Amino acid sequence: MRIDIITVLPKLLEGPFADSILKRAIDKDLVDIHVHDLRTYGMGKHRQVDDYQFGGGAGMVMMIEPIETLINALKSEREYDEVIFMTPDGEVFDQSTANSLSLQKNLILLCGHYKGIDERIRETLITKEISIGDYVLSGGELAAAVVTDAVVRLIPGVLNNETSALSDSFQDDLLSPPVYTRPSDYKGLKVPEVLLSGDFNRIDAWRQEQAEQRTKTRRPDIWNKKSELKD
Ligand code: ADE
């Protein structure tokens, strides 16, 4: 998979891909991540990428031309499955969107800044709009990093043990059960006996029950949606 990220703040995206699972995925050539500095395509001597909004009002708006030029340059090299704009008014990102994006070959993520982007970019170049939650970030970069992380870890071969993505919270619309490691007794705080029993049927049943209990109490919205689907 290839992910092209368009930003005016490329430095913000240096950290998230330089470590751990994302770095390993890049090193293993399972994903190719390209961060593009939009300013390279900026207008005039000052490489301008934003301007005042028509009609007045505070805040600058990102201009169409630099973004269109960059996106068209990328599109001339390969076909893209989605051109995604990171924005708080997009569809809220969840595990099912992560799953479907992980099956794609080439994605563009456009990070917004300032007051927003010229609406004509959304109308003509963007195929999908994603929000990572109902709050406003200073820009789309951290959101793009979140989406990239959630998607890349689902690409086969990225995680050491492929089943571990399948047992993630949300993957079957359930939160994960609690986990424990040594010592089995820490200052009187004991690990549930069933986990030490070696009886894997009992352990599986316990985990399933804990996952259901957690989902019911912590995320009744997910639990009720799951129950409705079953009926
Ligand atoms: N840009 C600013 N806030 C955002 C959010 N919540 N999700 C995605 N992109 C954003």
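Only a predicted model underlies this, so the values are computations on that prediction, with no experimental measurement involved. (Residues numbered from 1 in each chain as written. Predicted model: local features only at pLDDT ≥ 70, side-chain atom pairs only at ≥ 80, totals over all residues. Heavy atoms only, no water.)

What about the site of the ligand?
Argument step 1. Contacts to the ligand come from 13 residues, most closely from T87, I132, G133, Y135 and L137.
Argument step 2. T87 places a polar main-chain atom, nitrogen or oxygen, 3.2 Å from a nitrogen atom of the ligand.
Argument step 3. Residue L137 places a main-chain N or O atom 3.0 Å away from a nitrogen atom belonging to the ligand.
Argument step 4. For the shell around the ligand, the leading source of residues is strand β5 (residues 82-92), giving three residues.
Argument step 5. Classifying every residue of the shell around the ligand gives eight nonpolar, five polar and no charged. (Near = heavy atom within 4 Å. Polar contact = N/O pair within 3.5 Å; in protein donor to acceptor, adjacent residues only side chain to side chain. Helix = DSSP H or I, 4+ residues; strand = E, 2+ residues; numbered from the N terminus. Nonpolar A, V, L, I, M, F, W, Y, C, P; charged D, E, K, R; others polar.)

Let's talk about the sheet that holds strand β7 (residues 116-117)
Backbone hydrogen bonds are what pair the strands of a sheet, in a parallel or an antiparallel way.
Argument step 1. Spatial ordering of the open sheet is given by β3-β4-β7, a layout of three strands whose pairing is mixed. Each having just a single partner strand, β3 (50-52) and β7 make up the two edges of the open sheet.
Argument step 2. Note: strand β4 (residues 60-62) against β7, two bridges, orientation parallel. Its bridge partner being in β7, M62 is matched across the sheet by I117. (Pairing = 2+ DSSP bridges.)

Quick word on the nonpolar core
Argument step 1. Judged by nonpolar contacts, the single largest core of 29 residues is most densely connected at I5, M86, F93, L101 and V152.
Argument step 2. Only β1 (2-7), α1 (20-27), β5, α3 (95-102), β6 (106-111) and α5 (141-152) provide two or more residues apiece to this core.
Argument step 3. Residue contributions to this core peak at seven residues, all from α5.
Argument step 4. Those residues in contact with L101 that lie beyond four places of it in its chain are M1, E82, I84, F93, L107, K128, I130, V147 and V151.
Argument step 5. Counting 18 residues, the second largest nonpolar core, distinct from the first, contains V8, L38, Y80 and I117. (Core = buried A, V, L, I, M, F, W, Y, C linked by side-chain atoms within 4.5 Å. Buried < 20%, exposed > 50% of the residue type's maximum accessible area, 1.4 Å probe, protein only. Contact = heavy atoms within 4.5 Å.)

Some points on the pattern of salt bridges
Argument step 1. Evaluation of the coordinates by the stated rule reveals 10 salt bridges.
Argument step 2. E193 is the partner of R202 in a salt bridge, and the nearest nitrogen-oxygen pair spans 3.1 Å.
Argument step 3. By relative accessible area, R202 is classed as partly exposed at 39%.
Argument step 4. With a relative accessible area of 51%, E193 lands in the exposed category.
Argument step 5. Several salt bridges converge on common partners, so that one network encompasses D89, R122 and E129. (Salt bridge = Lys/Arg side-chain N within 4 Å of Asp/Glu carboxyl O.)

Remarks on the pairing of strand β2 (residues 32-37)
Argument step 1. With six bridges joining them, β1 and β2 adopt parallel strand pairing. Of the residues in β2, the one forming a bridge with R2 is D32.
Argument step 2. Assessed by its sense of winding, the connection that carries the chain from β1 through α1 to β2 is right-handed. (Right-handed = clockwise from strand over helix to strand, strands pointing away.)

Details of the environment of G15
Argument step 1. Among the secondary structure elements, G15 is positioned in the loop between β1 and α1.
Argument step 2. Put simply, G15 and Q48 are 33 residues apart on the chain and 26 Å apart in space, counted from C-alpha to C-alpha.

With respect to the domain arrangement of the protein chain
Argument step 1. Structurally, the protein chain comprises domain 1 (2-152) and domain 2 (169-230).
Argument step 2. Centre-to-centre separation of domain 1 and domain 2, based on C-alpha positions: 36 Å. (Domains from an automatic or database assignment.)

Quick notes on the side chain of E141
Argument step 1. Topologically, E141 is positioned in helix α5.
Argument step 2. Ignoring anything within four residues of it in the chain, the contact list for E141 reads T7, V8, L9, L12, L13, C111, G112 and H113.

Observations concerning the pairing of β1
Argument step 1. Burial runs high along β1: six of the six residues are buried.
Argument step 2. Side chains R2, D4 and I6 of β1 all project onto a buried face; the interleaved residues I3, I5 and T7 project onto the opposite face, where all are buried too.
Argument step 3. As paired elements, β1 and β6 share five bridges and run parallel to each other. Each residue of the ladder has a partner; that of R2, found in β6, is N106.

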